[in-house]
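Per-entry structural report
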Amino acid sequence: MSREDLRRVFKTLSDPTRLRILALLAREELAVQDLMEILGMAQSRVSRHLAILREAGLLRDRRDGTFVHYRLGEPLPPLYREAWALARRDLERDPLCERDRAALEAVVTARTHRARDFFESLGPEWDTLRKVFDDDVHRARALANLLPEGLRVADVGTGTGILAAELARLGCRVVAVDASPRMLEAARARLTAEGLSGVALLEADAGSLPLATGSLDAAVAHMVLHYLPRPEAAVREMARAVRPGGRVVLVDFLAHDLDWMREELGVVWLGFEEGDVRGWLEGAELGDLRVECTPPRARQRELPGTFIASGRRRSG
C-alpha cells in the first residue's frame with residue numbers, strides 16, 4: 001500500500017461519526033432520516049459524511065421512492081478491508097456505539113409496528129383493499145412453482161389466509177404465518193367456513209420463523225416483503241426452513257415511485273430492484289434461481305411492475 005493510499009484510508013476512517021455510520025450500515029439498510037434519528041445529527045452533517053463514504057466506495061445505495069437507503073458495500077474495496085476490520089472490532093466495545101445499536105433497534109421496531117398496526121386496524125377488510133394489488137394473477141403464478149400435492153408449505157405473511165386456503169385445496173400441508181393476531185383470526189374464520197383442514201396458523205414475525213431447519217418443502221412470501229422491516233432477513237429464514245432441494249418463492253413489486261401506496265396501503269418499501277432480490281436469494285445460499293418480471297400496468301390506478309422469484313436450497 002502506497003503512502004497516498006494510507007493517507008486516503010486514514011482520512012476517511014479517522015472521523016468517529018463516519019465510523020459510527022459504517023457500524024450502523026453494516027447492520028441495517030438505513031435512510032438519511034433514520035441516521036439523523038439514531039445519531040441525533042442534522043441532515044447536512046449526516047449527508048456530508050455519507051457522501052465521503054460513498055465516494056470512497058464503502059457504501060451501496062438503493063432508491064425507494066423519494067428516499068435513498070444506504071448500506072455497507074460488500075465486499076469492501078481492498079484498500080479499506082483491513083482497516084475497517086480493525087475499527088469494527090474496536091467499535092463493538094464502544095459505549096457510544098452500544099447506544100447507537102439500541103437506537104437502531106428502536107427504528108427497526110417502529111417499522112415493524114407501523115405495518116402490524118396497519119393490519120390490526122383492517123382485519124377482514126383487507127380482502128377488499130388488497131384487490132388493488134391484482135393479486136389473483138400473482139397467486140396463480142406463485143402456485144405454479146409449487147407443483148406436486150402433499151408438499152409441506154409455509155405461507156409467510158398469510159393475511160386473511162386466501163393463499164393458504166388455495167394451497168390446502170391443492171392438497172398441500174400448510175403452515176400459515178402472520179405477525180397480526182387479527183389477520184390470523186380472519187384466516188381461521190375463512191378456513192373454517194370453507195371446511196379446510198391441514199392448515200396450521202402461527203403468530204410470528206417473518207424474520208424469525210418458529211419452524212425447524214429443513215422442515216418445509218417450500219416457503220412462499222406473496223406480496224409480503226414490502227411490508228417487512230427486514231425483507232432480506234425473511235428470505236434467509238425461509239431458506240433455512242426448507243429442506244435441501246426445497247424451494248423459496250417470492251412474489252412482490254419491482255421498485256417504483258408510487259408514494260400513494262405508502263400512504264394508503266401502509267407499505268414500508270416501494271418495491272425492490274431485481275438485482276437486490278437475486279442478491280437476497282444468493283445470500284441465503286439458494287441455487288437454481290429464476291426471476292420473472294412483469295412491466296407496470298394501469299387499471300383503475302397505476303400499478304408497479306411485479307416479479308416472481310424463486311430459488312432452490314442446495315444439498316449439502
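The present account deals with the structure reproduced in this document.

Calculation rules
Residues numbered from 1 in each chain as written. Predicted model: local features only at pLDDT ≥ 70, side-chain atom pairs only at ≥ 80, totals over all residues. Heavy atoms only, no water. Phe/Tyr/Trp six-rings, centres within 6.5 Å; stacked < 30°, edge-to-face > 60°. Buried < 20%, exposed > 50% of the residue type's maximum accessible area, 1.4 Å probe, protein only. Salt bridge = Lys/Arg side-chain N within 4 Å of Asp/Glu carboxyl O. Helix = DSSP H or I, 4+ residues; strand = E, 2+ residues; numbered from the N terminus. Polar contact = N/O pair within 3.5 Å; in protein donor to acceptor, adjacent residues only side chain to side chain. Contact = heavy atoms within 4.5 Å. Core = buried A, V, L, I, M, F, W, Y, C linked by side-chain atoms within 4.5 Å. 1 Å grid on protein atoms, 1.4 Å probe; cavity = no way out; pocket = protein on both sides within 12 Å on 5 of 7 lines; lining within 4 Å. Points joined across faces, edges and corners; volume = space filled by probe spheres on them. Axes fitted to C-alpha atoms, helices over the stretch in contact; angles between N-to-C directions. Parallel < 35°, antiparallel > 145°, perpendicular 65-115°, else oblique. Left-handed = near helix turned anticlockwise from the far one by under 90°. Nonpolar A, V, L, I, M, F, W, Y, C, P; charged D, E, K, R; others polar. Pairing = 2+ DSSP bridges.

1. Focus on the packing of aromatic side chains
Ring pairs (aromatic) are described by centroid distance and by the angle formed between their planes. Within this structure, the stated rule accounts for one aromatic pair. An angle of 70° between the planes, with centres 5.1 Å apart, marks the rings of Phe272 and Trp280 as edge-to-face. When sorted by exposure, Phe272 lands in the same class as Trp280, which is buried.

2. What to know about the pattern of salt bridges
A pair can form between side chains of opposite charge whenever their charged atoms are brought close. One pass over the structure, following the stated rule, counts 21 salt bridges. Between Arg7 and Glu4 there is a salt bridge, and its shortest N-O distance comes to 2.7 Å. In this pair, Arg7 and Glu4 are both assigned in helix 1 (residues 3–13), three residues apart and thus about one turn of the helix distant. By relative accessible area, which is 44% here, Arg7 ends up partly exposed. One salt bridge in this structure joins Glu29 and Arg62, with 2.7 Å as the shortest N-O distance.

3. Some words on the side chain of Asp276
One can find Asp276 in helix 13 (residues 274–283). There is a polar contact of 2.9 Å between the side chain of Asp276 and the side chain of Arg71. Those residues in contact with Asp276, other than ones at most four positions away along the chain, are Arg60, Arg62 and Arg71.

4. Some thoughts on the nonpolar core
Within the largest apolar cluster, 34 residues are counted, with the highest numbers of intra-cluster contacts made by Leu225, Met238, Leu250 and Val277. If we ignore the near neighbours within four places in the chain, the residues touching Val277 are Leu250, Phe272, Phe307 and Ala309. Grouped together as the second largest cluster of nonpolar side chains are 33 residues, Leu13, Leu59, Leu72 and Trp84 included.

5. Some points on empty space enclosed by the protein
Per the counting criterion, the structure on display carries two cavities of 30 Å³ or more. A volume near 50 Å³ is recorded for the largest cavity. Lining the largest cavity, in full, are Ala23, Ala26, Arg27, Arg88, Leu91, Glu92 and Arg101. Broken down by secondary-structure element, the contributors of at least two residues to the lining of the largest cavity are helix 2 (16–27) and helix 5 (78–91). The element contributing the most residues to the lining of the largest cavity is helix 2, with three residues.

6. Side note on the packing of helix 1 against helix 5
At a minimum axis separation of 10 Å, helix 1 and helix 5 run at an interaxial angle of 50°. In terms of axis orientation, helix 1 runs oblique to helix 5. Once helix 1 is placed against helix 5, the crossing between them reads as right-handed. Each of Asp5, Arg8, Val9, Thr12 and Leu13 in helix 1 lies in contact with helix 5, whose residues at this interface are Leu79, Tyr80, Ala83 and Trp84. Among the residues making up the contact of helix 1 with helix 5, the classes are represented as six nonpolar, one polar and two charged.

7. Here's the deal with the sheet that holds strand 7 (residues 216–222)
Strands sit in the order 6-5-4-7-8-12-9 across an open sheet of seven strands; the sheet is mixed. Looking at which strands have only one partner, the edges of the open sheet turn out to be strand 6 (199–203) and strand 9 (286–294). Sheet twist, expressed as the mean angle between neighbouring strand axes with direction ignored, is 15°. As paired strands, strand 8 (residues 242–253) and strand 12 (residues 306–313) are joined by seven bridges and run antiparallel to one another. Counterpart to Asp252 in the pairing with strand 12 is Phe307.

8. Observations concerning helix 11 (residues 231–241)
Burial runs high along helix 11: eight of the 11 residues are buried. The complete set of buried residues in helix 11 reads Pro231, Ala233, Ala234, Val235, Glu237, Met238, Ala239 and Ala241. Looking at the buried side of helix 11, the elements it contacts are strand 4 (152–156), strand 7, strand 8, helix 13, strand 9 and strand 12.

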